[in-house]
Amino acid sequence: MVEPATDTIAATRLVPLLKDELDIVIPTIRNLDFLEMWRPFFEPYHLIIVQDGDPSKVIKVPEGFDYELYNRNDINRILGPKASCISFKDSACRCFGYMVSKKKYIFTIDDDCFVAKDPSGKAINALEQHIKNILSPSTPFFFNTLYDPYRDGADFVRGYPFSLREGAPTAVSHGLWLNIPDYDAPTQLVKPLERNTRYVDAVLTIPKGTLFPMCGMNLCFDRDLIGPAMYFGLMGDGQPIGRYDDMWAGWCTKVICDHLGLGVKTGLPYIYHSKASNPFVNLKKEYKGIFWQEEIIPFFQAATLSKDCTSVQKCYIELSKQVKEKLGKVDPYFDKLADAMVTWIEAWDELNPSGASAKDSNGKA
Ligand SMILES: O=c1ccn([C@@H]2O[C@H](COP(=O)(O)OP(=O)(O)O[C@H]3OC[C@H](O)[C@H](O)[C@H]3O)[C@@H](O)[C@H]2O)c(=O)[nH]1
Ligand SMILES: [Mn+2]
């Protein structure tokens, strides 16, 4: 039986890496008591809390954390009409936190995710592992069968081309979950008692040309390398679909990473996901996505970006045009989504003017 760790204090002896270069983004509709368990690992970092739902509700944040909190009124005030691209009543709202951050790295986590234990019983500092993943290269162009060659105790295996051993810059580190796995509603319904107790000690680069289902529960990325692609789409209130926020961002991100020669890793670290959301509610949210994705995936698998697409923004705008042209016929929703993708980039560039003066170590322009 996997339980959440309790001895996190003992586990933190390392100086917090990237303390002034990383923001932790948390979407929430609840009080943030879960932070108590993460305190030894998270307290040195700045939090960006995106409060969803009723803005008049007061969200309690435990003492001692350095944070900024944005509710819907703040989003509307800051973005004006462009706020229409930020979802309401869905965890997709978290991408507003990516946009307002001034740091190079983002780690995002759900408020029902706790510190997990590794097989030795040691508390897992998920943030530390993500930082190791994101600071070491990826190997998208040729698969290393001994997994991550940059980890202590591993290397490139025989036959791995030396010309490829420098690897590629890592843009995304995708972590996993013990206890409640991120299953879709149909799977949740047929396997209500299934718990993930399997701890696989591996970090893999997802090969170039291969898509993957990105989960936003335990995710870290380099904002400078791929931030503008991390739009979590139009979900929740007033939208025909939900729980495809992170998936959409992951498909756009992977196509753009492949085009720009950037890497995406998955595997360690694990968090302990404590709460299964209601599978019937989830089925309603996912319903259209379950058959739309049979059109969406071939679209992304076939998507190509021209050589003029030399920045994430240019790639993203190019992708939005293809969404409108090729997915618009699946459902008018994709027309709306394509427009929202453009609005997102406009808002991103407004809040993050390109060529902005070098950011100081606190990420302030
Ligand atoms: O309307 C809402 C509902 C929730 N949140 C916050 O989002 C986080 C995830 O919520 P929860 O743990 O209740 O849902 P899950 O089904 O476990 O979430 C997974 O599947 C849906 C998404 O893809 C999500 O990224 C996955 O983690 C949590 O922090 C809630 O407080 C919200 O902001 N608005
Ligand atoms: Mn959850």
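What counts, and at which threshold
Positions within a chain are numbered from 1, following the residues in the order the chain's sequence is written. Here every chain gets a letter starting at A, and every ligand a number starting at 1, in the order they are written. Confidence filtering applies because this is a predicted model: local features only for residues at pLDDT of at least 70, side-chain atom pairs given and counted only at 80 or more, and all residues used for totals across whole chains, interfaces and linings. Excluding hydrogens and water, the side-chain values take into account all heavy atoms of the structure. UniProt positions are given in the numbering used here, feature names are shortened, and annotations may be inferred rather than shown by experiment. In this description a helix means any DSSP run of H or I spanning at least four residues, a strand means any run of E spanning at least two, and both kinds are numbered starting from the N terminus. Radius of gyration means the value over C-alpha atoms here, while the globule rule gives 2.2 Å times the residue count to the 0.38 power. Burial classes follow relative accessibility: with a 1.4 Å probe on protein chains only, a residue under 20% of its type's maximum area counts as buried, one over 50% as exposed, and anything between as partly exposed. Pairs of residues are marked as contacts when any of their non-hydrogen atoms sit within 4.5 Å. Residue-level accessible areas treat just the shown protein chains as cover; the underlying method is Shrake-Rupley with a 1.4 Å probe. With water omitted from the atoms examined, metal sites may look incomplete; donors here are N, O and S atoms no farther than 2.8 Å from the metal, or 3.2 Å in the case of Na, K and Ca. By salt bridge we mean one thing: a side-chain nitrogen of Lys or Arg within 4 Å of a carboxyl oxygen of Asp or Glu. Two N or O atoms form a polar contact when they lie within 3.5 Å of each other; inside protein one atom must be a possible hydrogen donor and the other a possible acceptor, and for residues adjacent in sequence the pair counts only when both atoms belong to side chains. The cutoff for a nearby residue is simple: one of its non-hydrogen atoms must lie within 4 Å of the molecule or strand. Definition used in this section: a nonpolar core is a set of buried Ala, Val, Leu, Ile, Met, Phe, Trp, Tyr and Cys residues joined via side-chain atoms within 4.5 Å.

Within an unreviewed UniProt entry, the label attached to the protein reads UDP-arabinopyranose mutase, and the organism entered is Salix viminalis. Its UniProt record gives the protein a comment under Function (unreviewed entry), which states: "Probable UDP-L-arabinose mutase involved in the biosynthesis of cell wall non-cellulosic polysaccharides." Regarding the protein, the UniProt comment filed under Catalytic activity (unreviewed entry) reads as follows: "UDP-beta-L-arabinofuranose = UDP-beta-L-arabinopyranose".

Peer 1: Would you explain the overall build of the protein in this entry?
Peer 2: The secondary structure content of the protein amounts to 11 helices and 9 strands. What you see for the protein is a C-alpha radius of gyration of 20 Å, in line with the 21 Å of a compact globule of 365 residues. Put simply, the protein has 365 residues, and 53% of those count as buried. A fraction of 75% describes how many contacts in the protein between residues 6 or more apart in sequence connect residues 24 or more apart. In the form shown here, the protein has an accessible surface area of approximately 16200 Å², with 55% of it arising from carbon and sulfur atoms.

Peer 1: How should the coordination of the manganese ion (ligand 2) be read in this particular structure?
Peer 2: Around a metal, the idealised angle for a tetrahedral arrangement of four donor atoms is 109.5 degrees; for an octahedral arrangement of six donor atoms it is 90 or 180 degrees. Those donors, Asp112 (OD) and His273 (NE2), are the protein atoms that reach the manganese ion (ligand 2), and they lie 2.0 to 2.2 Å from it. Of the two residues, Asp112 sits in the loop between strand S4 (105-109) and strand S5 (113-114) while His273 sits in strand S9 (residues 263-273), which places them 161 residues apart along the sequence. Using a relative accessible area of 8% as the deciding quantity, one classes Asp112 as buried.

Peer 1: Help me understand the pattern of salt bridges in this model?
Peer 2: When their charged atoms lie close together, side chains carrying opposite charge are able to pair. Under the counting rule described, the total for this entry stands at 18 salt bridges. The salt bridge partner of Asp110 is Arg94, with a shortest N-O separation of 2.5 Å. Remark: Arg94 occurs in the loop between helix H3 (72-79) and helix H4 (95-100) and Asp110 occurs in the loop between S4 and S5; sequence separation between them is 16 residues. Of the two residues, Asp110 and Arg94, both sit in the buried class. Ionic contacts of the salt-bridge type, sharing partners, join the residues Glu36, Arg39 and Glu43 into one network.

Peer 1: Where do I start with the environment of Ser101 in this structure?
Peer 2: Secondary-structure assignment places Ser101 in the loop between H4 and S4. Sequence separation of Ser101 and Arg223 is 122 residues, and the distance between their C-alpha atoms is 8.9 Å. Those residues within four positions of Ser101 in sequence are excluded, and the remaining contacts are Asp23, Ile48, Ile106, Arg223 and Asn352. There is a polar contact of 2.7 Å between the side chain of Ser101 and the side chain of Asp23.

Peer 1: What exactly am I supposed to notice about the site of ligand 1 here?
Peer 2: Neighbouring ligand 1 are 20 residues, the closest being Asp52, Asp110, Asp111, Arg243 and Ser277. Measuring from an oxygen atom of ligand 1, one finds a backbone N or O atom of Pro27 at 2.7 Å. In the environment of ligand 1, a nitrogen atom lies 2.7 Å from a nitrogen or oxygen atom belonging to the side chain of Asp52. Isolated, ligand 1 exposes 650 Å² of accessible area, and the fraction of that covered by the protein chains is 90%. Broken down by secondary-structure element, the contributors of at least two residues to the shell around ligand 1 are strand S1 (22-28) and helix H8 (245-260).

Peer 1: Quick question: what am I supposed to make of unusual backbone geometry here?
Peer 2: Glycine aside, a negative phi is what most residues show, and trans is what most peptide bonds show. With omega at 10°, the peptide bond leading from Leu268 into Pro269 counts as cis. Relative to the helices and strands, Pro269 resides in strand S9. Positive phi, close to 55°, is recorded for Leu18, a residue that is not glycine. For Leu18, the position within the fold is in the loop between helix H1 (8-11) and S1. Since its relative accessible area comes to 12%, Leu18 is described here as buried. Within the chain, Asn179 stands out as a residue other than glycine whose phi angle is a positive 75°. The topology assignment puts Asn179 in strand S6 (residues 170-179).

Peer 1: Explanation requested: the UniProt feature "glycosylation site" (unreviewed entry) in the protein in the structure shown.
Peer 2: The positions UniProt marks with the feature "glycosylation site" (unreviewed entry) are Arg158. Residue placement: Arg158 occurs in the loop between helix H5 (126-135) and S6. With relative accessibility at 83%, the residue Arg158 sits in the exposed group.

Peer 1: Honestly, the nonpolar core in this entry has me stumped. Any pointers?
Peer 2: When a protein is soluble and globular, its nonpolar side chains tend to lie buried together. Core analysis: the largest hydrophobic core is formed by 68 residues, its most contacted members being Tyr231, Trp248, Phe300, Tyr316 and Trp344. The leading source of residues in this core is helix H11 (residues 332-351), at 11 residues. Ranked by size, the runner-up nonpolar core spans 32 residues in total, among them Leu35, Ile59, Ile134 and Ile271.

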